There are 2 protein chains.
Amino acid sequence: MRSEKGVLGLPLNIEKGRVEMIHGSGGRASSQLFEEIILPAFDNPWLRKAGDQAVVEMAQGRWALSTDSFVVSPIFFPGGDIGSLAVHGTVNDLAMGGAQPRYLTVGLVIEEGFPLSDLARITQSLGSAAERCGVSVVAGDTKVVERGKGDGIFINTSGIGWIPRDIVLDPSAIRVGDILILSGSIGEHGAAVLAAREGGGLVTSLLSDSAPLHDAVQKLIASGPGLVCLRDPTRGGVATVLNEWARETGLVFEIEESRIPIRQEVRGISEILGIDPLYLANEGRFLAVCRPESADRLLSVLKSHPLGLAASQIGHVKAGDPTRPGGMVRMTTLMGGVRLVDWLLGDPLPRIC
Amino acid sequence: MRSEKGVLGLPLNIEKGRVEMIHGSGGRASSQLFEEIILPAFDNPWLRKAGDQAVVEMAQGRWALSTDSFVVSPIFFPGGDIGSLAVHGTVNDLAMGGAQPRYLTVGLVIEEGFPLSDLARITQSLGSAAERCGVSVVAGDTKVVERGKGDGIFINTSGIGWIPRDIVLDPSAIRVGDILILSGSIGEHGAAVLAAREGGGLVTSLLSDSAPLHDAVQKLIASGPGLVCLRDPTRGGVATVLNEWARETGLVFEIEESRIPIRQEVRGISEILGIDPLYLANEGRFLAVCRPESADRLLSVLKSHPLGLAASQIGHVKAGDPTRPGGMVRMTTLMGGVRLVDWLLGDPLPRIC
């Protein structure tokens, strides 16, 4: 029943065609875009129904819900693209709650004139990333805005994941003496996107660290107790997550610069751009707080996972300072000094995810 | 712990301030925007946690998932705004599956320079609409794009709703002889938005029909069996939904123009703009297919609901024509002729939702 072609009765010219306003009209052209480009990238029984909603069977218990819009520029960058990033970003938000990601929805806002070939490439990347993560894209929506009223493509992904009953990860449980673990080297996503944005000016072999973290998290959880909370340092980087936790608990988070893994290329790009890598976005790393007696076990489990090879114990939690009710983040530098790691000051790093 | 103010230590100037790139940085300015404008509009325990994900307790069974991005222009229109529309749109997508909407996520993509006062007005409208629908906004995300790379604000809402075990609404169950019911007068949302877009050129007292349909649907379901499927005629209007069902079933959908409720003002605007009101968007109406023996009961239940006062039995389903495997939609006109109601042809009606 779904064999009719678009307005002219012809299949879309994916190689040379562009998204037009009529592809957002909800009529036959919208339907053609869905069937010839979007559906093939995610084919599953829910999307094939193409109704207003997907119906899934869920188990009784605790579920994590999350949403994220992606506006990264450029949309293709070394190590990924906005499609795979949109999957990893939401999968990771679910994973940080201890959830096993199950279902995703995808909302596209496309600018008129966007190449159909780029749309096909991005939706395929999104579909492959979802498949690798074991999540099904069960519902979607596509809107088109006029030329100059968007920027190529923006993607929203919302997700839902199942949390085993006994897992509670919550920063309110952080205590003095807890240990801070970082799952890998920092700043590669931010540095790769910023380098790509500079174009030819900054040639590098650096790749984004964009990757799904749920498997590594599940292995940590399965190894035993002691994990207190997790957060992935995306926008605003490691410095921002630590400041959030400091503010939420009123405690002091002490880290050692020498224990923070960072690739030489990230350091180089940060110096050229005048950016502290602690504020650079990561899309495949997490920070964990754990009880001191579990730290060695958790670190060793993490180091045995492909995404945790460079994991490191980077610091610990100390009592708050009564004169600073909002807590603080302090770092012992490579030179042996101690400096405050504040919230991001100065220029923001826009459109990094 | 959440009392610190932004970069300058001052509260946001909601009356005169604007969204800046730094509000999308993920740092303290993002946090301030969240706490002073967004959180107050939706205050609930999940959002107050402000983590990467919300954790909800769900019952075992069937759940509906849906997502929708809203790019309506203008963002404020007679009878609503992009905030309330974003709630009604997703609530209605869930309702069309027979679901009771429970949780929403909200993703904002805001253009640099957008007035904070408009953001506050829209988030408050979104929050109030959610409250009236009995759904909790449990997770959200805000991104900022540079001036000229967006258009004020785009909103994605994704939702989840619980479906009572015995409810299955599916167009594949449509049979010859089934009756078509329309819940109210058509085209008011589309006509109101198009009139608002024309500015002073088209003065009218017409309001969008934007409204949540889940309550009316639940009352239909509770009244007994016989409901086959539902769909809300948003983008592309009543004509598009009927064409989708025709294509999905291969059957002929016959409607009578004289039975389709339409306000005089919608007819007038349609004539001025040269648009067939059957293609105008609705945001508070639905089409139902039901078994003939249940049609009178369902129509009377609907007519007793505030959103179904003008409900009407507009036609029925006939056997398919072997020469047209994709089915078709036919209408007996006011003049007594019969015409084919095709997919939307000609100019699309962009940014209507």
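Cut-off values and rules
- Throughout this description, residue numbers start from 1 for each chain and increase along the sequence as written.
- Chains carry letters from A onward and ligands carry numbers from 1 onward, assigned in written order.
- Where totals are concerned, whole chains, interfaces and linings use all residues; where local detail is concerned, this predicted model gives features only for residues with pLDDT of at least 70, and gives and counts side-chain atom pairs only at 80 or more.
- No hydrogens and no water enter the side-chain calculation; it runs on all heavy atoms of the structure.
- A pair is scored as a salt bridge if a Lys or Arg side-chain nitrogen falls within 4 Å of a carboxyl oxygen belonging to Asp or Glu.
- Labels follow the DSSP assignment, with helices taken as runs of H or I lasting at least four residues and strands as runs of E lasting at least two, numbered in each case from the N terminus.
- Here's how the labels work: a residue is buried when its accessible area is under 20% of the maximum for its type, exposed when over 50%, partly exposed in between, all with a 1.4 Å probe on protein chains only.
- Those domain boundaries reflect an automatic or database domain assignment.
- Residue contacts are counted whenever heavy atoms from the two residues lie within 4.5 Å of one another.
- Once two parts are put together, the accessible area they lose, assessed with a 1.4 Å probe and summed over both, is termed the buried area.
- In protein, a polar contact means a hydrogen-donor-capable atom and an acceptor-capable atom, both N or O and within 3.5 Å, with residues adjacent in sequence counting only if both atoms are side-chain atoms; elsewhere, any N or O pair within 3.5 Å suffices.
- In these notes, a set of buried Ala, Val, Leu, Ile, Met, Phe, Trp, Tyr and Cys residues joined through side-chain atoms within 4.5 Å is what counts as a nonpolar core.
- Criterion for a disulfide: a pair of cysteine sulfur atoms at a distance within 2.5 Å.
- Copy-to-copy superposition: least squares on the C-alpha atoms, limited to residues that have pLDDT of at least 70 in both copies.
- Between the N-to-C directions of two axes lies an angle of 0 to 180 degrees, each axis being a line fitted to C-alpha atoms and, for a helix, fitted only over the stretch in contact.
- Take the far helix as the reference: if the near one is turned anticlockwise from it by less than a right angle, the crossing is left-handed, and if turned clockwise, right-handed.
- Any two strands with at least two DSSP bridges between them are considered paired.
- The directions considered for the arc are those from the helix axis to the C-beta atoms.

Novice: It is not clear to me how the pattern of salt bridges should be interpreted in this structure. Could you clarify?
Specialist: Close approach of charged atoms allows side chains of opposite charge to pair. Here the structure, examined in full by the defined rule, presents 42 salt bridges over all chains. As a salt-bridge pair, Lys49 of chain B and Asp170 of chain A come within 2.3 Å of each other at their nearest N and O atoms. Placement of Lys49 of chain B in helix H2 (residues 45–49) and of Asp170 of chain A in the loop between strand S7 (153–163) and strand S8 (179–182) is noted, with the two residues assigned to different chains. Judged by its relative accessible area of 15%, Asp170 of chain A is buried. Here Glu146 of chain B makes a salt bridge to Arg351 of chain A, at a shortest N to O gap of 2.6 Å. You can see Glu146 of chain B sitting in the loop between strand S6 (136–145) and strand S7 (153–163) and its partner Arg351 of chain A sitting in the segment after strand S14 (338–340), one on each of two chains. Classification of Glu146 of chain B as partly exposed rests on a relative accessible area of 25%. Several salt bridges converge on common partners, so that one network encompasses Asp68 and Arg235 of chain A together with Asp141 and Lys143 of chain B.

Novice: Sorry, what's going on with the domain arrangement of chain A here?
Specialist: One frequently used descriptor of interface size is the decrease in accessible area upon assembly of the parts. Residues and elements named next belong to chain A. The assigned domain composition of chain A is domain 1 (1–50), domain 2 (53–163) and domain 3 (171–340). Here the C-alpha centroids of domain 2 and domain 3 sit 25 Å apart. Each partner contributes residues to the interface: domain 2 has 19 residues there, and domain 3 has 22 residues. Between domain 2 and domain 3, roughly 1700 Å² of surface is buried when both sides are summed, and carbon and sulfur atoms account for 61% of that area. Taken together, domain 2 and domain 3 are joined by zero salt bridges. Counting across the interface, domain 2 meets domain 3 through ten residue pairs in polar contact (both at pLDDT 80 or more). In terms of residue count, the dominant contributor to the side of domain 2 that touches domain 3 is helix H3 (residues 82–95) (seven residues).

Novice: Hey, could you run me through the interface of chain B and chain A in this one?
Specialist: Taken together, the contact pairs 83 residues of chain B with 82 residues of chain A. For chain B, the biggest contributors to the area lost against chain A are Leu65, Arg235 and Arg247 of chain B; these three give 11% of the whole. The interface formed by chain B and chain A contains 16 salt bridges. One salt bridge connects Arg28 of chain B with Asp342 of chain A, and the closest N-O pair in it is separated by 3.9 Å. Inspection of the chain B/chain A interface yields 37 residue pairs in polar contact (both at pLDDT 80 or more). Where the side of chain B that touches chain A is concerned, the elements lending two or more residues are helix H1 (28–42), strand S1 (54–58), strand S2 (61–70), helix H3 (82–95), strand S5 (100–111), S6, S7 and helix H7 (237–249) of chain B.

Novice: Looking at this structure, I do not really get unusual backbone geometry. What am I missing?
Specialist: In most cases, non-glycine residues show a negative phi, while peptide bonds are predominantly trans. Residues and elements named next belong to chain A. With an omega of 5 degrees, the peptide bond running from Ser73 to Pro74 counts as cis. A positive phi is found at Arg351, a non-glycine position, where the angle reads about 55 degrees. Accessibility expressed as a relative area gives 5% for Arg351, which makes it buried.

Novice: Where do I start with the nonpolar core in this structure?
Specialist: Across soluble globular proteins, you tend to see nonpolar side chains buried next to one another. By size, the foremost hydrophobic cluster in this structure holds 80 residues, and its most contacted members are Ile153, Trp245 and Phe253 of chain A. The dominant element in this core, judged by the number of residues it contributes, is helix H4 (residues 116–133) of chain A, at eight residues. The residues touching Trp245 of chain A, leaving out its near neighbours within four places in the chain, are Pro171, Ile174, Leu180, Cys229, Leu230, Arg231, Gly250, Phe253, Leu287, Ala288 and Val289 of chain A. The next biggest cluster of nonpolar side chains, apart from the first, holds 79 residues, and it includes Phe70, Trp245, Ala246 and Tyr279 of chain B.

Novice: Which parts of the structure should I look at to understand the side chain of His305 of chain B?
Specialist: All names here are of chain B. Positionally, His305 belongs in the loop between helix H9 (295–303) and strand S12 (312–318). At 2.8 Å, the side chain of His305 and the side chain of Asp215 are in polar contact. Within polar-contact distance, the side chain of His305 engages the backbone nitrogen of Leu307 at 3.0 Å. With residues up to four places along the chain from it excluded, the contact list for His305 reads Asp215, Ala216 and Lys219.

Novice: I keep staring at the state of the cysteines and nothing clicks. Help me out?
Specialist: Working definition of a disulfide: a covalent bond connecting the sulfur atoms of two cysteines. Residue and element names in this part refer to chain B. Counted under the stated rule, the structure contains zero disulfides over all chains. Here Cys290 is not disulfide-linked; the sulfur of Cys229 is the nearest cysteine sulfur, at 9.9 Å. Classification of Cys290 as buried rests on a relative accessible area of 0%. Here Cys353 stays free of any disulfide, with the sulfur of Cys133 as its closest cysteine sulfur at 17 Å.

Novice: I would appreciate a short explanation of the relation of the copies chain B and chain A in the present structure.
Specialist: Superposition of the two copies of the chain requires a rotation about an axis together with a shift along that axis. Each copy superposes on the other: chain B lies on chain A with an RMSD of 0.0 Å after a rotation of 180 degrees and an axial shift of 0.0 Å. The transformation just described matches what one would write down for a two-fold rotation axis. Residue by residue, 99% of the interface of chain B is reproduced at the interface of chain A, so both copies engage with the same surface.

Novice: Looking at this structure, I do not really get helix H5 (residues 188–197) of chain A. What am I missing?
Specialist: An α-helical turn contains 3.6 residues, so any two residues separated by three or four positions project in the same direction. Residue and element names in this part refer to chain A. Buried residues dominate H5, accounting for eight of its ten residues. Of all the residues in H5, the buried ones are Glu188, His189, Gly190, Ala191, Ala192, Val193, Leu194 and Ala195. Considering only its buried residues, H5 is in contact with strand S3 (76–77), H3 and helix H8 (264–273).

Novice: How should the packing of H3 of chain A against H4 of chain A be read in this particular structure?
Specialist: When two helices pack together, their arrangement is given by the angle between their axes and by how far apart the axes lie. Residues and elements named next belong to chain A. Orientation of H3 relative to H4, taken along the N-to-C sense of each, is 35 degrees, at an axis distance of 6 Å. The crossing of H3 and H4 is right-handed. Note on element contacts: H4 touches H3 through Ile122, Ser125, Leu126, Ala129, Ala130, Arg132 and Cys133, opposite Ile82, Gly83, Ser84, Val87, His88 and Val91.

Novice: What is the right way to read the sheet that holds S1 of chain B from this model?
Specialist: Remark on secondary structure: sheet strands pair via backbone hydrogen bonds, oriented parallel or antiparallel. Read from one edge to the other, the open sheet built from five strands follows the order S6(A)-S5(A)-S7(A)-S2(A)-S1(B), with strand pairing classed as mixed. Here the strands that pair on one side only, and so sit at the sheet edges, are strand S6 (136–145) of chain A together with S1 of chain B. Neighbour-to-neighbour, the strand axes of the sheet open up by a mean angle of 20 degrees, direction not taken into account. Here strand S2 (residues 61–70) of chain A pairs with S7 of chain A via nine bridges, running antiparallel. Of the residues in S7 of chain A, the one forming a bridge with Asp68 of chain A is Thr157 of chain A.

Novice: Honestly, helix H8 (residues 264–273) of chain B in this entry has me stumped. Any pointers?
Specialist: All names here are of chain B. Along H8, the residues that are buried comprise Val266, Ile269 and Ser270. The buried residues of H8 occupy an angular sector of 100 degrees when projected down its axis, which confines them to one face. More than 90 degrees from the buried face of H8, the exposed residues found are Gln264, Glu271 and Ile272. In this fold, the buried residues of H8 make contact with helix H5 (188–197). Two residues or fewer past H8, Gly274 is found with a positive phi of approximately 70 degrees.

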